[in-house]
Amino acid sequence: MGSSIKSLSLMEEPSGVFVVALTGGPSGGKSTVQTMLSDVLENAGYKVYRVPETATILLGGGVTFADLGPDQQENFQENLLRVMMRLEQTFIDLAHLNYKKHGKKTVVLCDRGTMDPSAYIDRDGWLKILNKLDLQEVDIRDNRYDVVVHLVTAADGAEEFYTLENNATRSEGLELARHLDSLVKHAWIGHPHFVVVDNVATDFEKKCHRVVEAVLTRMGLPDKRWGKDIKKHKFLVRNFDADAAFPVPFRDFNVEHRYLVNLNDDGVQVRMRKRFDESGTCNYTLTTRQAPLAGQRVEERRALIGREYEALKHQTDPSRHPIEKVRRCFLWENHYYQLDMFLSPCPGLVLMEAYLAVPESNDDVDVVDGLAAVSVKDMLPPFIEIEREVTDEAEFSMFNLAKKADS
């Protein structure tokens, strides 16, 4: 990070705490993955805290959710959310104290997250709970966890392995399990780092490995044990009309990016992001992208508050435009896509990004319409017209898109 950025007294070092929400439908494998992730991260030198599933604790006390009336269900979900947030905060506070006292980076693994209760109650009841607890949906969805990983229920694609035996509080049949999985999955649309891991063409061990890989990738810890199948792909979109009917549920956000001056000239890129929805709720982050090392760039992120964002604006790099765009987030076939419609400085440009788990291309894999592998093309939503993949084209990086012509 450049010295000009360090000079600001309100800037802090990264917290040293990384929070993961493992969510999904019934019998998706969350408990197994939580244990596996804990082992991998502890072996990598991290302190790991594991937050238990709140619903299992409460339902294990004799509550049968299906037998509750509407008012009881609303009351139960309200108290479940209270307890969940207090449980999580207990471990998050311990994690920060651990890092502050011992300097040891810590990961908090949460079994489910704060948006999950919304899948078990109608929309009006959920909004009533949020209002009563003085919570903003965007805040508890987007700002609480560094990454959210959704493990698709075994009832969708691995039916022969769907079981109720490993959780005494579970009672869902196949159809209900699929329905609840879909509701939970769609509740998280809008989170900036949301990953869906399905059961298609994979066994359970590989499914677990894909979750581990997704978390390590988000943490900037590539680990060859888990392969390199998950990669961010970027596509150039043509003929997209933002005002036309869209065939799947989506959420739109306004996004502003600003690159900051780096006086060290050491190849480090520092940018701020402001993201807000139609309600005006804002989310601020600071991303430091290190200089390339062994062909890779490690990114570090931390949350900002609005006051910090405004204070740092005067350090905007004069050689680069602020980037303004509308980001549309949606799910298609268990993949999470982000469609960026640029307003400035490249009005009309539309790019689509997604983290896709596909084998690296080789001589036996065909290249079709400029896409790296046939399987990538098969994953793309058919209602988005793709001109070509631009993942490795430097001109489509934000850093270069922001560059002023006379710089």
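Structure: above.
As the structure is a prediction and not an experimental result, all values here were calculated from the model.

Thresholds, definitions, all that
Note on numbering: residues in each chain are counted from 1, in written sequence order. Confidence filtering applies because this is a predicted model: local features only for residues at pLDDT of at least 70, side-chain atom pairs given and counted only at 80 or more, and all residues used for totals across whole chains, interfaces and linings. Derived side-chain values reflect all non-hydrogen atoms in the structure, with water molecules and hydrogen atoms excluded from consideration. Definition of nonpolar core: a set of buried residues of the types Ala, Val, Leu, Ile, Met, Phe, Trp, Tyr and Cys, connected through side-chain atoms within 4.5 Å. The classification of residues rests on relative accessible area computed with a 1.4 Å probe and restricted to protein chains. Under 20% of the type maximum is buried, over 50% is exposed, and intermediate values are partly exposed. Counting from the N terminus, the helices are the DSSP runs of H or I reaching at least four residues and the strands are the DSSP runs of E reaching at least two. Reported domain spans reflect what an automatic or database domain assignment gives. A contact between two residues is defined here by any heavy atoms of the two lying within 4.5 Å. When DSSP locates at least two bridges between a pair of strands, those strands are taken to pair. A fitted line through C-alpha atoms serves as each axis, taken over the contacting stretch for helices, and the angle formed by two N-to-C directions is quoted from 0 to 180°. Criterion for a salt bridge: a side-chain nitrogen of Lys or Arg within 4 Å of a carboxyl oxygen of Asp or Glu. Expected span of a helix, by definition, is 1.5 Å for each gap between consecutive residues, and there is one gap fewer than residues.

Comments concerning the nonpolar core
At step 1: Counting residues in hydrophobic clusters, the biggest one holds 34 residues, and the most contacted among them are L81 and V108.
At step 2: Breaking this core down by element, the ones donating at least two residues are β1 (17–24), β2 (47–51), α4 (70–102), β3 (106–111), α5 (123–132), α7 (174–187), β5 (194–197) and β11 (323–332).
At step 3: Broken down by element, this core gets its largest block of residues, five residues, from α4.
At step 4: Three or more residues apiece are contributed to this core by two domains, here domain 1 (17–219) and domain 2 (230–402).
At step 5: With residues up to four places along the chain from it excluded, the contact list for L81 reads T114, W126, I129, L130, L133 and L135.
At step 6: If you look at the next biggest cluster of nonpolar residues, it comprises 23 residues, including L109, V197, L216 and M219.

Quick word on the sheet that holds β2
At step 1: One open sheet accounts for five strands, arranged β2-β3-β1-β4-β5; its pairing is parallel. Strand pairing shows two members of the sheet lacking a second neighbour, β2 and β5, which therefore form its edges. In this sheet, neighbouring strand axes are inclined to one another by 20° on average, regardless of whether the strands run parallel or antiparallel.
At step 2: Sheet topology places strand β4 (residues 147–151) next to β5; four bridges connect them, and they run parallel. Looking at β5, one finds that H150 is bridged to V196.

Comments concerning the pattern of salt bridges
At step 1: What the rule picks out here adds up to 24 salt bridges.
At step 2: Between R112 and D116 there is a salt bridge; the shortest N-O distance is 2.6 Å.
At step 3: The salt bridge involving K234 is made with E353; its shortest N-O contact spans 3.8 Å. In this pair, K234 is assigned in strand β6 (residues 230–237) and E353 in strand β13 (residues 350–357), connecting sequence segments 119 residues apart.
At step 4: On the accessibility criterion, K234 (12% relative accessible area) is buried.
At step 5: Since its relative accessible area comes to 13%, E353 is described here as buried.
At step 6: Three or more residues are tied together by salt bridges with common partners; here these are E53, R112 and D116.

Quick look at helix α8 (residues 204–219)
At step 1: Taking 1.5 Å per residue as the helical rise, α8 with its 16 residues ought to reach 22 Å, and the 23 Å between its terminal C-alpha atoms agrees with that figure.
At step 2: Every buried residue of α8 is listed here: K207, C208, R210, V211, V212, E213, A214, V215, L216, R218 and M219.

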